[in-house]
Amino acid sequence: MLEQIKDQPILELINQESRRQIDELELIASENYASPAVLAALATPLANKYSEGYSGKRYYGGNHIIDDIENLAIERAKQLFNAEHVNVQPLSGSPANLAAYLAILEPGDTVLGLRLDHGGHLSHGHPINISGRLFKFVQYEVDATTGRLNMDQVRQVAHQAKPKLIVAGFSAYSREIDWAGFKSIADEVGALTMADISHTAGLIAGRQLSNPTNIVDIVTTTTHKTLRGPRGAIIMSTTKLAKAIDRAVFPGLQGGPHDHVTAAKAIAFGEALQPAFQDYARQVIANAQLLAEQLQAKNYDIVSGGTDNHLLVIDLTKQGLAGRQAEEALQKAGLSVSRSTVPGDQRPPLNPSGIRLGTAAITTRGFGSAEIKQTANWLHQALVNHADDNYLADIKQQVTQLGRRLPPPSL
Ligand code: DSN
């Protein structure tokens, strides 16, 4: 496929990024490597088509084949998540969340969401995001001592705020979620519930974490994190909310869906329906738990004391390191991570107190316990020697050797 690209500057940059993805270890919790089949679908003539509307009700001609593709994606997503209704058109996670809000809320309505610096997401009501500008978000927090959600505290905030919607879902929270607990609090205050499972969708689809579909009213998820599909998102809902969700996505928020991405989503859902995907999801969690244990043994503080999913947040306060400093040093060692706030962070968001690690991508490369222990050692050595560029370059060479032995499947 790449041989078709004659534009040398772009081709060279694409090749550089491909080499980087082989030679470095991707520990960013929201990233993964889509399969060759998923990537191939993205480079097909489906990208040429306009399909505003839905199956059988499009605003453009020539969509009978696109209808079949979209229907297949919907049926597979329904099977994967046991969902009553699925909209596969959202372009990504934030638009999916916004469409969900538009389906059931009016501007000014009160909504509950987790604070960004406690592990929430911008689109869960941060004042700088359109969610926080359109709606009156009241933010709940994780417990200051345990780093975990305390459902009694969530209940207290809900009873005070009397929201129309409670959003449960996170970008940097490593513990299992009590979906039924959120639902019962919502019922007590007459609110709807929405779960944003963008981070854990693959672990839910792989039957390793509990599934909120059929407990809450709306579930949104991106398709490219643990779910290992293309960049994009879907919205699942009860049949009762189906029409409102569909109208909010189109014509409420978006124009034409990206049909090549819809095909890639269908392929990814098909892959996730295979028994091997459950083994993958199990290994992602085992790897994250081992990584957390290894780092704790080296005296690192893991927020909440560990992980039940694919991610962990390390509070580097004890090490006297800031998140940005750590991220930059690790990058020099070929270890790609993202800085992260920790609950109650005293530092600014651009240079917070922690880093977030995830094992979805390295597990796709075939990492098991030996490679995880090695990775924990490299992380520790790089953080201890963060000011020594020669030392970091030396680690990078070792990282690259392992990276070339276990390349991403698409490269
Ligand atoms: N940017 C994603 C993450 O890193 O968690 C969420 O949108």
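Conventions and cut-offs
- Residues numbered from 1 in each chain as written.
- Predicted model: local features only at pLDDT ≥ 70, side-chain atom pairs only at ≥ 80, totals over all residues.
- Heavy atoms only, no water.
- Helix = DSSP H or I, 4+ residues; strand = E, 2+ residues; numbered from the N terminus.
- Rg over C-alpha atoms; globule rule 2.2 N^0.38 Å.
- Contact = heavy atoms within 4.5 Å.
- Lys, Arg positive; Asp, Glu negative; His and termini not counted.
- Charge placed at Lys NZ, Arg CZ, Asp CG, Glu CD.
- Salt bridge = Lys/Arg side-chain N within 4 Å of Asp/Glu carboxyl O.
- Buried < 20%, exposed > 50% of the residue type's maximum accessible area, 1.4 Å probe, protein only.
- Axes fitted to C-alpha atoms, helices over the stretch in contact; angles between N-to-C directions.
- Left-handed = near helix turned anticlockwise from the far one by under 90°.
- Nonpolar A, V, L, I, M, F, W, Y, C, P; charged D, E, K, R; others polar.
- Near = heavy atom within 4 Å.
- Polar contact = N/O pair within 3.5 Å; in protein donor to acceptor, adjacent residues only side chain to side chain.
- Areas by Shrake-Rupley, 256 points an atom, 1.4 Å probe, with all protein chains shown as cover.
- Pairing = 2+ DSSP bridges.
- Patch = residues over 30% accessible without salt bridge, like charges linked within 9 Å, V, L, I, M, F, W, Y side chains within 5 Å.

**Remarks on the overall build of the protein chain**
Helix and strand counts for the protein chain come out as 15 helices and 15 strands. Over its C-alpha trace the protein chain gives a radius of gyration of 21 Å, about what one expects of a compact globule, namely 22 Å for 411 residues. The contacts in the protein chain between residues at least 6 apart in sequence include a share of 72% that link residues at least 24 apart. Here the protein chain carries 38 positive and 41 negative side-chain charges, and the mean point of each set is 1 Å from the other.

**Re the pattern of salt bridges**
This structure, assessed with the given rule, holds 22 salt bridges. Here E12 ties to R19 by a salt bridge, and the two come within 3.5 Å at their closest N and O atoms. A residue is classified by how much of its surface remains accessible, and R19, at 43% relative accessible area, is partly exposed. One salt bridge in this structure joins D23 and R404, with 2.8 Å as the shortest N-O distance.

**Concerning unusual backbone geometry**
Along the chain, F250 connects to P251 via a cis peptide bond; the corresponding omega equals 10°. Checked against the element boundaries, P251 lands in helix α9 (residues 242-253). Positive phi, close to 55°, is recorded for N82, a residue that is not glycine. Within the element layout of this structure, N82 appears in the loop between α3 (64-81) and β4 (85-87). If you check the backbone angles, R207 has positive phi at about 65° while not being a glycine. Tracing the sequence through the fold places R207 in the loop between α8 (201-205) and β9 (218-222).

**Details of helix α12 (residues 323-332)**
Within α12 the residues assigned to the buried category are G323, A326, E327, A329 and L330. Contacts made by the buried residues of α12 are with β13 (335-336), β14 (338-340), β15 (354-358), α14 (369-384) and α15 (389-405).

**What to know about the packing of helix α4 (residues 93-104) against α9**
Orientation of α4 relative to α9, taken along the N-to-C sense of each, is 115°, at an axis distance of 8 Å. Between α4 and α9 the crossing geometry is right-handed. Across the interface between the two elements, P95, L98, A99, A100, L102 and A103 of α4 pack against A244, I245, A248, V249 and L253 of α9. Looking at the contact of α4 with α9 residue by residue, the class counts come to eleven nonpolar, no polar and no charged.

**Topic: the side chain of S171**
Structurally, S171 is set in the loop between β7 (165-169) and α7 (179-189). In contact with S171, not counting residues within four places along its chain, are G119, G120, H121, H199, L311 and R356.

**Considerations on the site of the ligand**
Close to the ligand lie S30, H121, S171, H199, K225 and R356, which account for all nearby residues. One of the side-chain nitrogen or oxygen atoms of S30 is found 2.8 Å away from an oxygen atom of the ligand. Note that an oxygen atom of the ligand is positioned 2.7 Å from one of the side-chain N or O atoms of H199. When the free accessible area of the ligand is taken as 230 Å², the share hidden by the protein chains comes to 62%.

**A closer look at the sheet that holds β15**
Taken in spatial order, the four strands line up as β11-β12-β15-β14 in an open sheet, and their pairing is antiparallel. Where the open sheet ends on each side, the last strands, each with one partner, are β11 (301-302) and β14. As paired elements, β14 and β15 share three bridges and run antiparallel to each other. Of the residues in β15, the one forming a bridge with S340 is G354. Taken strand by strand, α12 contacts β14 and β15, and its axis lies near 45° from that of β15.

**Considerations on the environment of S94**
In this structure, S94 sits in helix α4. Between the alpha carbons of S94 and S18 there is a distance of 27 Å; along the sequence they are 76 residues apart. Leave out the neighbours within four places in its chain, and S94 touches H121 and S123.

**Let's talk about a nonpolar patch on the surface**
Taken together, the side chains of Y50, Y59 and Y60 define a hydrophobic patch exposed on the protein surface, amounting to about 380 Å² of accessible area. Topologically, Y60 is positioned in the loop between β3 (57-58) and α3.

Taken by themselves, the reported measurements are silent on function.
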